[in-house]
Structures are given as structure tokens and as C-alpha cells.
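Structure assessment
The primary structure of each chain is shown beneath.
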Amino acid sequence: MTIRKKLIVGNWKMNKTSADAVTLVQELVAEVCKQTDVEVVVAPPFTAIEAVGKVLDGSSLKLGAQNVHPEASGAYTGEISVGMLRAIFTNYVILGHSERRTYFKETDAFINQKVLASLKGQLKPILCVGETLAEREGNQTLKVVQTQLEAGLEGVSKDLATSVVIAYEPVWAIGTGKVATTEQAQEVHAFIRSLLVKLFGDAVAQKVRILYGGSMKPANAPELLTQKDIDGGLIGGASLESRSFVDLIKAAAAAK
Ligand code: PGA
């Protein structure tokens, strides 16, 4: 019997106008607003986040952001602070996504600053880690994951660690339709859990949710979500349409 509630997060990336986002989230709320077995988060683009938050108000669904800046305020053109997100009741923030690491050159040290600033401001970080295809083929998967995890969580206290969510996202599986096998995913998830035990002790490590991300779909979700250390999913493509996202939530509710 796991103490971890399953968590399904929709990462909408750079998709949907504010109006389209509201339509999608209205459909989701209508379908899953009474869902309490699974925690559900949607992370719209910044232009839609406040409007989506208003639709979510009073429902069990929670609001996530796709990025945040570590500074509280100031001359950082184009950036958004933790306080701004909390002021509109954002609960989670996706950090260290491979797209941000690759296209925006985010380093482990910068991601770590964001993790610490988020925790300080009561915004729950979803820290993404994962290897590229070349790294997997070069047998570097566990090493890469360990480096990203330890650097991303540096300075996080035991007390705050239970507010952190980890997302294992093999880069080669993101948006490609190539999902990791359940064995590949569970192996890395168990390894991440063992690293969390070393960092924070067993009691804390057993409470931290570790999500799988990378081409998760209703068809492959049931097998992934029944793995011992897979506590939910970070969903890109399949979160953009209510039918598939609702089916993923149902798959998480059914997974024991
Ligand atoms: P995908 O994206 O589900 O479209 O593969 C997952 C992610 O990038 O978080």
C-alpha cells in the first residue's frame, strides 16, 4: 500500500490561446472535478494561466506553471517570479524540463536556484531529469540522472523535500511516440528513489512522487502506472485534448 497519491500533470508547453485553454479546462473540470483519488495539475502557458486558474477555482484540479525566475522581482525582462505565480494561486512549477535545458541553455545550478526559490515561496517544484539517446546508448543514464537530481536538489532541506516532485523524462521519449519500456522506466525510478533515500532518509523518500514523462498515452499508461516507483505522469501531447487527458487520469485512478 503506497502512501503516495498518484499525480497527473498536463504540460501544455507553447500551445493554446487563453480562450482555447479555458475551453479545454472547462471540459476537464466537468469530467473530473470530483476526482479525489488522483491529484491533477494543468500547466498552461503564462498568457492563459490566470484565466485557467479562475475556471479551476473550487474544483479539485490544481494550477501549474511551466517556468519561474529565481529572483523575487527586478530587471529581468520577460520573466515571471514565484510571488506573481502564488498571487494567482499557482501550486506547482515545472523546472529543468529538457526543452529548457536544451533550447534555453538552463544549467543545473540555475535550475537549483529556481527549485530553492520556489520552495521558499511555497510553490511546489516538479524537477525534470532524464538522459538523451546518446547518453542511454553510452550507458550514462544513471550517471546523468544522478548529476541532474543531486545538483537540482542541492540545499533542499528534509522538511521541504516532501513538497518536491521528480519527473523522469528520457529526452528520446519526449514527443517522439517512443515510450520507455516499463522495465527501463522502473529501473530509473527505483534508482531515483534510492538517491532520495541517501539525500533525505527513507521516510521522506517514500513520500516523494516520481512521475514518468515521455509519450505517455492512455494505451501505455496502465502498465507504467502500476510500477512500484512510478507515481504518475508528466504529460505533453496527450494533455492537449480532454479525452486523452481524462483517460490518463482514469488510468492513474485504476492503477494500484
Ligand atoms: P510528451 O511530452 O508527452 O508529448 O512526450 C512530455 C513532456 O515533455 O513533459
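The following paragraphs examine the structure supplied in this document. (Residues numbered from 1 in each chain as written. Predicted model: local features only at pLDDT ≥ 70, side-chain atom pairs only at ≥ 80, totals over all residues. Heavy atoms only, no water.)

1. Side note on the site of the ligand
Note the cut-off: Think of it this way: one heavy atom of a residue within 4 Å of a molecule or strand is enough to make that residue near it. Counting of polar contacts relies on pairs of N or O atoms within 3.5 Å, with two restrictions inside protein: one atom must be capable of donating a hydrogen and the other of accepting it, and residues adjacent in sequence are counted only when both atoms are side-chain atoms. With residues, only the protein chains shown are counted as cover, and all accessible areas are computed by Shrake-Rupley using a 1.4 Å probe. Note on residue classes: Ala, Val, Leu, Ile, Met, Phe, Trp, Tyr, Cys and Pro are nonpolar, Asp, Glu, Lys and Arg are charged, and everything else, Gly too, is polar.
K13, H97, E169, G175 and S215 are the nearest of the 13 residues found near the ligand. With respect to the ligand, the side chain of K13 contributes an N or O atom lying 2.7 Å from an oxygen atom. The contact in question runs from an oxygen atom of the ligand to an N or O atom on the backbone of S215, over 2.7 Å. When isolated, the ligand has an accessible area of 280 Å², and the protein chains bury 96% of it. Looking at side-chain class alone, the shell around the ligand contains 4 nonpolar, 7 polar and 2 charged residues.

2. Focus: the nonpolar core
Here is the rule: Take the buried Ala, Val, Leu, Ile, Met, Phe, Trp, Tyr and Cys residues and link them wherever side-chain atoms come within 4.5 Å; each set so joined is a nonpolar core. Partly exposed describes any residue whose relative accessible area lies between the buried limit of under 20% and the exposed limit of over 50%, with all areas from a 1.4 Å probe on protein chains only and scaled to the type maximum. Each helix is a run of H or I in the DSSP string that is no shorter than four residues. Each strand is a run of E no shorter than two, and both are numbered from the N terminus. Whether two residues are in contact is decided by their heavy atoms, any of which lying within 4.5 Å being enough.
Of all hydrophobic cores here, the largest spans 68 residues; its most connected members are V52, L153, I166, I192, L196 and Y212. When residues in this core are grouped by element, the largest group, 7 residues, is from helix α9 (residues 182-200). Apart from residues no more than four positions distant in its own chain, I192 is found in contact with V129, V145, L149, I166, Y168 and I210.

3. Re empty space enclosed by the protein
To be explicit about the condition: Lining residues are defined by having an atom within 4 Å of a point belonging to a cavity or pocket. Those points lie on a 1 Å grid over the protein atoms alone, cavities being sets where a 1.4 Å probe fits but cannot get out and pockets being open sets with protein on both sides within 12 Å along at least five of seven lines. Grid points are joined across faces, edges and corners, and a volume is the space filled by probe spheres set on the points.
In total, this model carries 1 cavity of 30 Å³ or more according to the counting rule given. A volume near 30 Å³ is recorded for the largest cavity. Taken together, G96, H97, S98, R101, C128, V129, G130, E169 and V171 form the lining of the largest cavity. Residue assignment for the lining of the largest cavity shows that the elements contributing at least two residues are α4 (98-103) and β5 (124-129). In terms of residue class, the lining of the largest cavity is built from 3 nonpolar, 4 polar and 2 charged.

4. A closer look at the pattern of salt bridges
Worth spelling out the cut-off: Any Lys or Arg side-chain nitrogen found within 4 Å of a carboxyl oxygen on Asp or Glu counts as a salt bridge.
Inspection of every chain in the model, using the stated rule, returns 13 salt bridges. The partner of R243 in a salt bridge is E31, and the shortest N-O contact between them spans 3.3 Å. Highlighted residues: R243 in helix α12 (residues 242-254) and E31 in helix α1 (residues 18-32), separated in sequence by 212 residues. Residue class for R243 comes out partly exposed when judged on its relative accessible area of 37%. By relative accessible area, which is 42% here, E31 ends up partly exposed. Here R243 makes a salt bridge to D247, at a shortest N to O gap of 3.3 Å. Highlighted residues: R243 and D247, both in helix α12, separated by 4 residues, approximately one helical turn. Among the charged side chains, a salt-bridge network with shared partners connects R4, R193, K228, D229 and D231.

Interpretation in functional terms is not warranted from these geometric data alone.
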